[in-house]
Amino acid sequence: MEFCDGFGDHFRLQTRDVLRQSKQYLSGLMQARKKNMERMAEVVPESDEQALQHFLSNSNWDERRVLDQVALDADALLGGTDESALLIDESGITKKGTKSVGVARQWNGRLGKVDNCQVGVYAALSRGSLSTLLDTRLYLPASWAKDKERCGAAGVPNRARCVKSKPELALEMVRHNRRLGVRFSWVGMDGLYGKDPALLRALEGDGETFMADVHKDQRIYVEDPRPCVPASAPGRGRKRTRPVAQRDCVRVDEWTRAQPDAAWTRVTLRDSTKGKLQVEVLHQRVWLWDGKEDQARHWHLIVRREVKARDEIKYSLSNAAPDAPVQCLAQMQGQRYWVERSFQDGKSQAGLDQYQARGWKAWHHHMALVMMAMLFMLKERIAQQEDHPLLSCADIETLLAHFLPRRDVGVDEVIRQMEVRHHKRQASIDSAYAKQQLE
């Protein structure tokens, strides 16, 4: 398969210039060591830095149509099986300054700390050890959503100038891809989303099955709390209207510590490069109550610990069928690993976190193109699975960088590129000195 084969389907009804520049940008994602316009233009034949920047930031092509086509193509490869899952996660991308759309001091999971960054919520379609990103929403902090001038400068459309939580964005993606026709059997999420009662109840209300990680302080009931409104004392105070649980709740970590060693079950999750991946699992049907509903929800609690590191414990809730086997539940819980691999491939091989883009349109255009590149790599891995079962995204990037047409870089071209870089750096220096003189 040629790298750019089929891109016309993703960019149908667009101009020839848009199609040509999309191929150049995608080629640049594979060929350039740094995935910015300047480096791309240095290696991709007949490309131009300014034209690529215009294509990303100003060209009027619809990234939603591209993403939807990527999602449908991914579904044809990975959807429609009991193993097919839509995995939700967020990723932070470090940025300097204050002008990049959505940038703020906020939690960056990749660094494990609060940092100046942009945060996107992403969806990946997964089946077994294969997965690819197919949708995203940019998280817009309140400091942005409430600032009309700032949103206007970054090109944020009016419909997006509102505060939406990350769980709300996740629910949007689940519903959008379900309407689109993407076939997944369940939804997987980490603790940021699992701790949101409204999200889990909305998913169940939609008829979705979920496996959601929760934090160690999650409260559960080991018996039905049977919430009811207590009778009011005659002639005393206002009539009671709020329901009260008839049982005590307990934290999941406290419940876990109280379980005997015999309660843990050894489960093999999958084959890995270091042998069979085995974990120990606790399973219990528990009740969850949000303090408002007439009845508590009766869900699965899955607790997992590593065989050789028993202090590493993960807690998850699932509304899977009551008779779902423990082995199946444990594998569903472990499947979320593959969205992390998708982020790793996207950032290391496809430039997910490398872009020259400040505006709303440019950010979404870049993400759509990255997901197209990741889709191509997924197709190649599947096509070559029999002959090359260990083929990785890194291998494909290396092969493409070698075989794609490349700008002829002789001595004259090397000197020209160096002079262009020097000219830009000098212009930046001159601008800085000019600003100082005006202060």
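What this report covers is the structure whose coordinates are included nearby. A quick note: this is a predicted structure, and the numbers were derived from the prediction, not measured. (Residues numbered from 1 in each chain as written. Predicted model: local features only at pLDDT ≥ 70, side-chain atom pairs only at ≥ 80, totals over all residues. Heavy atoms only, no water.)

**Focus: the overall build of the protein chain**
Of the regular secondary structure elements, the protein chain holds 16 helices and 12 strands. Counting only C-alpha atoms and orienting by the principal axes, one finds that the protein chain spans roughly 90 × 60 × 40 Å. Here the protein chain holds 439 residues, and the buried ones make up 47% of them. Long-range contacts, defined here as pairs at least 24 residues apart, represent 64% of the contacts in the protein chain between residues at least 6 apart. For the protein chain, the exposed area adds up to about 23,000 Å²; of that, 48% sits on carbon and sulfur atoms. One way to put it: in the protein chain the 68 positive side-chain charges average out to a point 5 Å from where the 60 negative ones average out. (Helix = DSSP H or I, 4+ residues; strand = E, 2+ residues; numbered from the N terminus. Buried < 20%, exposed > 50% of the residue type's maximum accessible area, 1.4 Å probe, protein only. Contact = heavy atoms within 4.5 Å. Areas by Shrake-Rupley, 256 points an atom, 1.4 Å probe, with all protein chains shown as cover. Lys, Arg positive; Asp, Glu negative; His and termini not counted. Charge placed at Lys NZ, Arg CZ, Asp CG, Glu CD.)

**Concerning the nonpolar core**
By size, the foremost hydrophobic cluster in this structure holds 113 residues, and its most contacted members are Tyr-25, Ile-88, Val-101, Tyr-122 and Met-189. Ranked by residues supplied to this core, first place goes to helix H14 (residues 360-383) with 15 residues. Excluding residues that lie within four positions of it along the chain, Ile-88 makes contacts with Val-121, Tyr-122, Ala-123, Ala-170, Met-173, Val-174, Val-187, Gly-188, Met-189, Asp-190 and Tyr-193. (Core = buried A, V, L, I, M, F, W, Y, C linked by side-chain atoms within 4.5 Å.)

**Notes on helix H10 (residues 197-205)**
Buried within H10 we find Leu-199, Leu-200, Arg-201, Ala-202 and Leu-203. Immediately beyond the C-terminal end of H10, within one or two residues, lies Gly-207, with a positive phi of roughly 85°.

**So, the packing of aromatic side chains**
For the structure shown, the criterion picks out five aromatic pairs. Taking 6.2 Å as the distance between ring centres and 50° as the angle between the ring planes, the aromatic pair formed by Tyr-25 and Phe-55 counts as tilted. Of the two residues, Tyr-25 is situated in helix H2 (residues 16-31) and Phe-55 in helix H4 (residues 49-57); the sequence distance between them amounts to 30 residues. Neither residue differs from the other here; Tyr-25 and Phe-55 are each classed as buried. Between Phe-210 and Trp-299 the ring centres are 5.1 Å apart and the planes differ by 90°, which places this aromatic pair in the edge-to-face class. Residue Phe-210 is located in strand S6 (residues 210-214), and its partner Trp-299 is located in strand S11 (residues 297-306); the two are separated by 89 residues in the primary sequence. Looking at Trp-299, the relative accessible area reads 2%, which means it is buried. Aromatic rings pair up to connect Tyr-25, Phe-55 and Trp-61 into one cluster. The ring of Tyr-139 carries the charged tip of Lys-166 above its face, separated from the ring centre by 4.9 Å. Directly above the aromatic system of Phe-343 lies the positively charged group of Lys-347, at a separation of 5.9 Å from the ring centroid. (Phe/Tyr/Trp six-rings, centres within 6.5 Å; stacked < 30°, edge-to-face > 60°. Lys NZ or Arg CZ within 6 Å of the ring centre and 35° of its normal.)

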